[in-house]
Amino acid sequence: MTKKERAAAVCEILNTEYGTDLTCYLEYDKKKPWQLLFATILSAQCTDERVNMVTRVLFKKYPNLEDFASADIEEFEKDIFSIGFYHNKAKNIIACANVLLEDFDGKLPREIDILTTLPGVGRKTANVVRGHIFNEDSIVVDTHVKRVSRLLGLTQEEDPVKIELDLMKVVPKSQWILYNHQIIAHGRTVCIARRPRCSECVLRDVCKNKVF
């Protein structure tokens, strides 16, 4: 079985197991797409659940992009303290808000090369925004996608950018956004890092790392 064939088989199984409805685990107001950008920046090295707890308060305190741009950094750090890496995240979000207002009239750019020039925005964050806000087919490589994709034999790379490029070659483009969400769900519930439930895994017949 080639990598493309394995990827196609994986996607078919995931579609059956998890469905094809797109779900965003981070909460945001669809009328304010920059909220998803900021929530994704906050989610680095943090759980979505924790981020949602913080942003439910944060987005009420700072309801507009201008409020983020003019925020006092020390106060903002206290607002997001429980998330971790709060100093850099506060600095980047405030700077990002200013760049969006000054250079983009408060609107999110959709091109990945432009998004990744924003403070605190890497390819993972940019691809989350592109997938959910602009419906652009994109691969988001988070810790679950990285680990499970390697176990499935779809990539041998360690670098997230190289993993993204590998997956783009073998996963059908129409499945890119779905793959992100399905693999995250699978990694959280079945293919758990320290205690994988391989005997219960629907992907066991196509997995390269069977241990059951």
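Everything quoted here is computed from the prediction, not taken from an experiment.

**Student:** Whenever I open this one, unusual backbone geometry confuses me. Can you help?
**Tutor:** Note: most residues except glycine have negative phi, and most peptide bonds are trans. Phi at Gln-45 is positive, roughly 60°, even though this residue is not glycine. Summarising the element assignment, Gln-45 is placed in the loop between helix H2 (34-42) and helix H3 (48-61). On the basis of relative accessible area, Gln-45 is assigned to the exposed category, the value being 68%. Its identity as a non-glycine residue notwithstanding, Phe-85 has a phi of 50°, on the positive side.

**Student:** What am I meant to see in the packing of H2 against H3 here?
**Tutor:** A pair of packed helices can be characterised by two numbers: the angle between their axes and the separation between those axes. Between H2 and H3, whose axes approach to 10 Å, the crossing angle comes to 135°. Classified by the angle their axes make, H2 and H3 are oblique. Read as a crossing pair, H2 and H3 show a hand that is right-handed. Along its contact with H2, which presents Gln-35, Ala-39 and Leu-42, the element H3 presents Val-51, Thr-55, Leu-58 and Phe-59.

**Student:** Could you clarify how one ought to interpret the environment of Lys-146 in this entry?
**Tutor:** Tracing the backbone through its elements, the reader meets Lys-146 in helix H9 (residues 143-151). For Lys-146, a relative accessible area of 26% translates into the label partly exposed. Distance in space between the C-alpha atoms of Lys-146 and Thr-47 is 16 Å, their sequence separation being 99 residues. Sequence-distant contacts of Lys-146, defined by excluding residues within four places in its chain, comprise Val-141, Glu-158 and Ile-163.

**Student:** Help me understand the packing of aromatic side chains in this model?
**Tutor:** Remark: the centre distance and the inter-plane angle together describe each pair of aromatic rings, the angle taken between the planes. For the structure shown, the criterion picks out 9 aromatic pairs. With a centroid separation of 5.6 Å and 55° between ring planes, the pair formed by Trp-34 and Phe-38 is classed as tilted. Here the residue Trp-34 and the residue Phe-38 both occupy positions in helix H2, the gap between them amounting to 4 residues, near one helical turn. Here the two residues Trp-34 and Phe-38 agree in accessibility, since each one is buried. Here the aromatic rings of Phe-81 and Tyr-86 are separated by 4.8 Å at their centres, their planes lie at 50°, and the arrangement is tilted.

**Student:** Could you clarify how one ought to interpret helix H6 (residues 86-104) in this entry?
**Tutor:** In an α-helix, one full turn covers 3.6 residues, which means residues spaced three or four apart are oriented alike. Taking 1.5 Å of rise per residue, the 19 residues of H6 would be expected to cover 27 Å, and the 25 Å separating its terminal C-alpha atoms lies within 8% of that figure. Listing the buried residues of H6 in full gives Lys-89, Ala-90, Ile-93, Ile-94, Cys-96, Ala-97 and Leu-100. When H6 is viewed along its axis, its buried side chains cluster within an angular range of 155° and face the same direction. Every exposed residue of H6 that faces more than 90 degrees away from the buried side is listed here: Glu-102 and Asp-103. Its buried side turned inward, H6 meets H2, helix H4 (65-69) and helix H5 (73-79). Immediately downstream of H6, the backbone of Asp-105 shows phi near 55°, a positive value.

Cut-off values and rules
- Residues numbered from 1 in each chain as written.
- Predicted model: local features only at pLDDT ≥ 70, side-chain atom pairs only at ≥ 80, totals over all residues.
- Heavy atoms only, no water.
- Helix = DSSP H or I, 4+ residues; strand = E, 2+ residues; numbered from the N terminus.
- Buried < 20%, exposed > 50% of the residue type's maximum accessible area, 1.4 Å probe, protein only.
- Axes fitted to C-alpha atoms, helices over the stretch in contact; angles between N-to-C directions.
- Parallel < 35°, antiparallel > 145°, perpendicular 65-115°, else oblique.
- Left-handed = near helix turned anticlockwise from the far one by under 90°.
- Contact = heavy atoms within 4.5 Å.
- Phe/Tyr/Trp six-rings, centres within 6.5 Å; stacked < 30°, edge-to-face > 60°.
- Expected span 1.5 Å × (residues − 1).
- Arc of directions from axis to C-beta.

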